[in-house]
Every structure is written in structure tokens, then in C-alpha cells.
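Now for the letters of each chain:
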Amino acid sequence: MTSAATSTPVPAPEQARRSWPWTALQGAVLVVLAVVGVVVADTGVRVMLAGVGVLAVLRGVGTLRAARAGSVERSVAALGAGAVWLGAVAVGLALFPAVVAAWTCVVALAGVLAALVVRARRRAAAAAAVAVAVAALAAGAVLGGPGYLAALAVLAVAVAVLVAGIATLVGAVALRKLANEPAPAVPAACAGCACSGGGCGVLPRA
């Protein structure tokens, strides 16, 4: 017989009540990391890289645990494993001098632009925007030198982290509102019934 703990789905408000504080904390940390990455010279980019890496590892571990419990699909579990690996690499690179962290941002920016090029092949406007961005980066690298390119990449990554942090905070607010909603009422006749033994005999069947 299936126990009530495994057969009864957890109401959405209850899930939101458990998850919104952690979501809000993630958003706040991302915003702080973005500001530190730009404001604090040299060390800031290392702190930003390490912080984002730690959050990625924690998020990936949580996804893998949910996959073991059967709560998410395999594709999502694969993304979680990738987040753990990339996060660990980011934390490791943050231990090196600031120039390594800065050029890590360059590689990350180049990867994002390459992904956008692949996705924008059939969209002329998006492809043109990506081409302009690549041309601007190339011109800046030629005119301003490698240091300009690294600084611009750090700024771009910081802006991306800031946007992600704000979006996460907005999601936390939405979860907080959902958590305040009353849970759906469960008919009293359903409490403790043996639905696994041939279905519910109280509720009307379609």
C-alpha cells in the first residue's frame, strides 16, 4: 500500500513556502557579486567568479538530489551535473591571479556569443546584432589591447550576473506571493483512504 507521504502531492503554496527564501538569497548574492566584480579592482573579478561557481555547484547538487528522488527528468539532471562541473572549474580558476579570472570571463563571453550565433542563424536581426558585438570586441582588442578586451568581458559578465540576480529576486517575490495563498482544500473523506486498493470510492468518477 502506498503511504500518504508518497501518494499525496505537495501543494504548490507549500513548495513555494520552502523555496522562496533560498531563491531570494541567491538573487541577493548574485547582485552583490555583480557589484563587487566591477567595483573592487583585481580581487573583485575573482570573488565574482568564485561566488557564481559556488552557487552553480549548490544548484547542481540540488538538481541531482531531485533527480535521484525522481522529481526531475534526466535532461534536467544532466544540466545539474554540468552546473556542478562548471561551478567547480570556476571556483578553481578563481584561486589563480586576477588576470586568469578576467580571461575566463573572455572565454565565457566568447562562448555565449558563439551560442547566440548558432541560435540566430535564421534570424537576420539577431545575427546582425551578434556580428556587431563581435566586431566591436575585435576592434577594441586591436585598438585598446588585450587589457581592454578582458575589462570589457568582465563588465559584460558582471552585467549578466546582475540581470540574473534581479530576475531571481523577481522570481522570489512571485514565490512569496504564491506561498501566502491558501493551500487547496482536501476532502475530509480522502484522509487515510486506501486509494491504491482500487481507487477512491468517495469522489465521483469521470
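Residues numbered from 1 in each chain as written. Predicted model: local features only at pLDDT ≥ 70, side-chain atom pairs only at ≥ 80, totals over all residues. Heavy atoms only, no water.

Q: Even after reading the chapter, I still don't get helix α4 (residues 74–94), so can you show me in this structure?
A: One full turn of an α-helix is made of 3.6 residues, so residues set three or four places apart face in the same direction. Along its 21 residues, α4 runs 30 Å from first to last C-alpha, staying within 8% of the 30 Å computed at 1.5 Å per residue. Considered for burial, the residues of α4 that qualify are A77, G80, G87, A90 and A94. With its buried residues spanning 145° around the axis, α4 presents them on a single face. Projecting away from the buried face of α4 at angles above 90 degrees are the exposed residues R74, W85 and L86. In this structure, the buried residues of α4 make contact with α3 (43–68). (Helix = DSSP H or I, 4+ residues; strand = E, 2+ residues; numbered from the N terminus. Expected span 1.5 Å × (residues − 1). Buried < 20%, exposed > 50% of the residue type's maximum accessible area, 1.4 Å probe, protein only. Arc of directions from axis to C-beta. Contact = heavy atoms within 4.5 Å.)

Q: Just checking my understanding: could you explain the confidence of the model for the protein chain for this structure?
A: Note: predicted coordinates in regions of low pLDDT should not be interpreted at a detailed level. Of the residues in the protein chain, 67% have a pLDDT of 70 or more, and the chain-wide mean is 76. Within the protein chain, α3 carries the highest mean pLDDT (90), whereas helix α1 (residues 4–7) carries the lowest (42). A low-confidence stretch, residues 1–11 stays under pLDDT 50, and its non-local contacts, those more than four residues away or across chains, total 8 contacts. A low-confidence stretch, residues 201–206 (pLDDT under 50), is modelled with 6 contacts involving residues beyond four sequence positions or located in other chains. (pLDDT = per-residue confidence, 0-100.)

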